[in-house]
Amino acid sequence: MNIAKNSFIQLSKLNDVKGRIDYITNPERQENLYATYETVQRSFWKSLAMENQQDFQKSGSVGKCIEARELIIALPESFIKYQPEKLLKIFTEKFKQKYGVECVSALHHNKKNKLPYSFDFW
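Residues numbered from 1 in each chain as written. Predicted model: local features only at pLDDT ≥ 70, side-chain atom pairs only at ≥ 80, totals over all residues. Heavy atoms only, no water.

**Regarding the nonpolar core**
- With eight residues, the main nonpolar core is built from A35, Y37, L71, I73, L75, L87, L88 and L107.
- Breaking this core down by element, the ones donating at least two residues are strand 2 (33-38), strand 3 (68-74) and helix 3 (84-99).
- One finds L14, V17, W45 and A68 within the second-largest nonpolar core, a separate group that totals seven residues. (Core = buried A, V, L, I, M, F, W, Y, C linked by side-chain atoms within 4.5 Å. Buried < 20%, exposed > 50% of the residue type's maximum accessible area, 1.4 Å probe, protein only. Helix = DSSP H or I, 4+ residues; strand = E, 2+ residues; numbered from the N terminus.)

**A few points about the pattern of salt bridges**
- Summed over the entire model, instances satisfying the criterion amount to four salt bridges.
- Of the charged contacts, one joins E38 and R42 as a salt bridge, the two residues approaching to 2.8 Å between their closest N and O atoms.
- Classification of E38 as partly exposed rests on a relative accessible area of 26%. (Salt bridge = Lys/Arg side-chain N within 4 Å of Asp/Glu carboxyl O.)

**Description of the side chain of E70**
- Mapped onto the fold, E70 is located in strand 3.
- E70 sits in the buried class, given a relative accessible area of 3%.
- For E70, the side chain forms a polar contact with the side chain of R20, separated by 3.0 Å. (Polar contact = N/O pair within 3.5 Å; in protein donor to acceptor, adjacent residues only side chain to side chain.)

**Examining the packing of aromatic side chains**
- Inspection of the entire model under this criterion finds four aromatic pairs.
- When the ring of F79 is compared with that of Y82, the centres are 5.8 Å apart and the planes differ by 90°; the resulting orientation is edge-to-face.
- On the basis of relative accessibility, which here comes to 42%, the residue Y82 falls in the partly exposed class.
- Counting every residue linked through ring pairs, the aromatic cluster contains F79, Y82 and F91. (Phe/Tyr/Trp six-rings, centres within 6.5 Å; stacked < 30°, edge-to-face > 60°.)

**Details of the environment of I24**
- Checked against the element boundaries, I24 lands in helix 1 (residues 17-25).
- With 12 residues separating them in the primary sequence, I24 and T36 have C-alpha atoms 8.8 Å apart.

**Overview of the side chain of T25**
- Along the chain, T25 turns up in helix 1.
- T25 gets classed as buried once you look at its relative accessible area, which sits at 10%.
- A distance of 2.6 Å separates a polar side-chain atom of T25 from the backbone oxygen of I21.
- One polar contact links T25 to R42, side chain to side chain, over a distance of 2.9 Å.

**Notes on the confidence of the model for the protein chain**
- Confidence in the prediction of the protein chain, expressed as mean pLDDT, is 84, and 84% of residues score 70 or more.
- Within the protein chain, no element has a lower average pLDDT than strand 5 (residues 115-121), which sits at 53, and none a higher one than helix 3, at 93. (pLDDT = per-residue confidence, 0-100.)

The structure is reproduced here in structure tokens:
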């Protein structure tokens, strides 16, 4: 499999989903933010986090509770020609349809690595 230059996919476990959503979707905290999209109201994430924390405590597990997962995808440079809002909505809705999960997504430019778009969602 050939992987294009400057492309990657990263999966992370989140133990503070509300904080991460605020960070990645807040234009005051993300200077290179182009668009955000949500398939569900923000209150859903608060409820999900609480439910996961309760289940984690009941299970007697040790360590940190995983409230959600974050997937970061570096998009091909050619995608910069598309409208950010439309591009993000299409990606997010397709992901939700395929995997049956609610999502919050953000499309931003990674200034450090000079990638045109990075697609973050939960």
